[in-house]
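Okay, here's what each chain looks like letter by letter:
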Amino acid sequence: MTGREHRDTTRAIDAATGGRRMRRLRQNEWSRRLVRETRLAPADLIWPIFVRDGDGAPEPVASMPGVHRHSVAGAVEAARQARDLGIPVLALFPFNEGGCRDENGSEALNPDNLVCRATRAIKTAVPEVGILCDVALDPYTSHGHDGIVHNGRIDNDRSVEVLCRQAIVQAEAGCDIVGPSDMMDGRVALIRQALDDTGLQDTMIMSYAAKYASVFYSTFRDAVGSSGVLKGDKRTYQMDMGNCAEALREAAQDIDEGADMIMVKPGLPYLDVLTRLVQEFNIPCFAYQTSGEYSMMMAAAERGWLDGDAAMMEVLTAYKRAGAAGILTYFAPRAATALA
């Protein structure tokens, strides 16, 4: 191309773009950072951890590379790590073996159960870190369901009665946020009432408002010891993957019932649902990057098919760009370290 031809091309491009060359702002790392619309910070992250009985070193979860089951003492150390990294909240999930499970999930109501012991230990040692506890019975039931099974079906109303008592037990142990993940109808209203009636009105509710029946939970069930326990599936109470308008109705109902925050789970396959909820409701909306999403990315990175750190940051940024107030992610300590 001659100099004249090049000048002609430049004039033609300037005429077509009105002189606005979008690439100018992308040409340097500093300029890209300067004009970035979506920013991710450690304060956007909630770190889910698994707690087990006993002492000793953390036990790896085979299907979730880099994720471990922690003793109560190990959970306290994780809380210290979270504090130092600027991660504001830990979400606690128990690994319960067969002896702690029965038909009615009775261990969920034990004030000295694994989650309650870990909560008290963390709040004593690291009170500035928030604790989110899951309100559901699946880690405690012998059938692996989130509620009470009666005559072969989930009994919504009996389940809600138990879930209210579970939320009180967790809040009395020092939990800051209860997260009803069971998807029973009416549970947010009754949990709010039960907490208020017990003098626990400052306890927050983060409702799993749009929790879908998903394949992406399988490695989580490994981590909490439910994978070989679950009888049947959860499609009669978790949402169908094809529905979005239903998620709006679920969220509206939970907000009306007293939820302080809402959540979409899984996150990445349902970013459209997340964005719709953010646009519709003036309330903090969170997303859960599920165990299956995490394991999928880690497996690809271990095989050299993905740059693991780059993929982690790209996907977490996508959650924020879609409107998430925060993200529950097993990448939390790794991402917070990278962001620092």
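Nothing here was measured: the structure is a model prediction, and the numbers come from that model. (Residues numbered from 1 in each chain as written. Predicted model: local features only at pLDDT ≥ 70, side-chain atom pairs only at ≥ 80, totals over all residues. Heavy atoms only, no water.)

Draft legend 1. Spotlight on the packing of helix H3 (residues 72-85) against helix H4 (residues 114-125). Contact geometry for H3 and H4: axes closest at 9 Å, N-to-C directions at 45°. Taken together, the axis directions place H3 and H4 in an arrangement best described as oblique. In the crossing of H3 with H4, the sense of the turn from one axis to the other is right-handed. Contact with H3, carried on its side by Val72, Ala75, Val76, Ala79 and Arg80, involves Leu114, Arg117, Ala118, Ala121, Ile122 and Ala125 of H4 and no other residues of that element. (Axes fitted to C-alpha atoms, helices over the stretch in contact; angles between N-to-C directions. Helix = DSSP H or I, 4+ residues; strand = E, 2+ residues; numbered from the N terminus. Parallel < 35°, antiparallel > 145°, perpendicular 65-115°, else oblique. Left-handed = near helix turned anticlockwise from the far one by under 90°. Contact = heavy atoms within 4.5 Å.)

Draft legend 2. Spotlight on the nonpolar core. If you look at the biggest cluster of nonpolar residues, it comprises 103 residues, and the most contacted ones within it are Phe50, Leu90, Met206, Val273, Leu277 and Leu328. For this core, the leading source of residues is helix H5 (residues 156-173), giving seven residues. Setting aside anything within four residues of it in sequence, one finds phenylalanine 50 in contact with Met64, Val67, His68, Arg69, His70, Phe93, Phe220, Ala223, Val224 and Tyr330. (Core = buried A, V, L, I, M, F, W, Y, C linked by side-chain atoms within 4.5 Å. Buried < 20%, exposed > 50% of the residue type's maximum accessible area, 1.4 Å probe, protein only.)

Draft legend 3. Just H4, in detail. The first and last C-alpha atoms of H4 sit 17 Å apart over twelve residues, in line with the 16 Å expected at 1.5 Å per residue. Among the residues of H4, those classed as buried are Leu114, Val115, Cys116, Ala118, Thr119, Ile122 and Lys123. Among the structural elements, strand S1 (45-51), H3, strand S4 (89-94), strand S5 (130-135) and H5 are those in contact with the buried residues of H4. The opening residue of H4, the one whose side-chain oxygen lies 3.3 Å from the backbone nitrogen of valine 115, is asparagine 113. (Expected span 1.5 Å × (residues − 1). Polar contact = N/O pair within 3.5 Å; in protein donor to acceptor, adjacent residues only side chain to side chain.)

Draft legend 4. Fine view of unusual backbone geometry. The peptide bond linking lysine 265 to proline 266 adopts the cis configuration, its omega dihedral lying at -5°. Tracing the sequence through the fold places proline 266 in the loop between strand S10 (261-265) and helix H9 (271-280). Despite not being glycine, asparagine 151 shows a phi value in the positive range, around 55°. Turning to its location among the elements, asparagine 151 is positioned in the loop between strand S6 (149-150) and strand S7 (153-154). A relative accessible area of 71% places asparagine 151 in the exposed class. The phi dihedral of methionine 183 falls on the positive side, at around 65°, and the residue is not glycine. Note that methionine 183 resides in the loop between strand S8 (177-180) and helix H6 (187-197).

Draft legend 5. Structural context of the pattern of salt bridges. Scanning the model with the defined rule gives 22 salt bridges in all. For the salt bridge of lysine 234 with aspartate 146, the shortest nitrogen-to-oxygen distance reads 2.6 Å. One end of the pair, lysine 234, is in the loop between helix H7 (218-224) and helix H8 (245-257); the other, aspartate 146, is in the loop between S5 and S6, and 88 residues separate them in sequence. Here lysine 234 matches aspartate 146 in class, with each residue buried. Via salt bridges that share partners, Asp138, Asp146, Lys211 and Lys234 belong to a single interconnected network. (Salt bridge = Lys/Arg side-chain N within 4 Å of Asp/Glu carboxyl O.)

Draft legend 6. Region of interest: the UniProt feature "active site" (unreviewed entry) in the protein. According to UniProt, the positions carrying the feature "active site" (unreviewed entry) are Lys211 and Lys265. Spanning 55 residues, the annotated positions come together in the fold, the maximum distance between their C-alpha atoms being 4.8 Å. Following the sequence through the fold, lysine 211 ends up in strand S9 (residues 204-211). Its relative accessible area of 5% is what places lysine 211 among the buried residues. Once residues within four sequence positions are removed from consideration, lysine 211 is found in contact with Asp146, Ser181, Met183, Tyr217, Gln238, Met239 and Lys265. Polar contacts involving the side chain of lysine 211 include one to the main-chain carbonyl oxygen of serine 181, which spans 3.1 Å. Every residue in contact with lysine 265, bar those within four places of it in the chain, is listed here: Tyr208, Ala210, Lys211, Tyr212, Tyr217, Tyr288 and Thr290. (UniProt positions renumbered as here; feature names shortened; annotations may be inferred.)

Draft legend 7. Representation of the packing of aromatic side chains within the structure. A complete count under the given rule lists nine aromatic pairs for this structure. The interplanar angle of 55° and the centroid separation of 4.6 Å between the aromatic rings of tyrosine 294 and phenylalanine 331 together place this pair among those described as tilted. In this pair, tyrosine 294 sits in helix H10 (residues 291-302) while phenylalanine 331 sits in the loop between strand S12 (326-328) and helix H12 (332-339), placing the two residues 37 residues apart along the sequence. Among the aromatic residues, those joined into a ring-pair cluster are Phe50, Phe93, Phe220, Tyr288, Tyr294, Tyr330 and Phe331. If you follow lysine 211 out to its NZ or CZ, it ends over the ring of tyrosine 217, 5.6 Å from the centre. Between arginine 303 and the ring centre of tryptophan 305, over which it is positioned, the NZ or CZ distance is 5.9 Å. (Phe/Tyr/Trp six-rings, centres within 6.5 Å; stacked < 30°, edge-to-face > 60°. Lys NZ or Arg CZ within 6 Å of the ring centre and 35° of its normal.)

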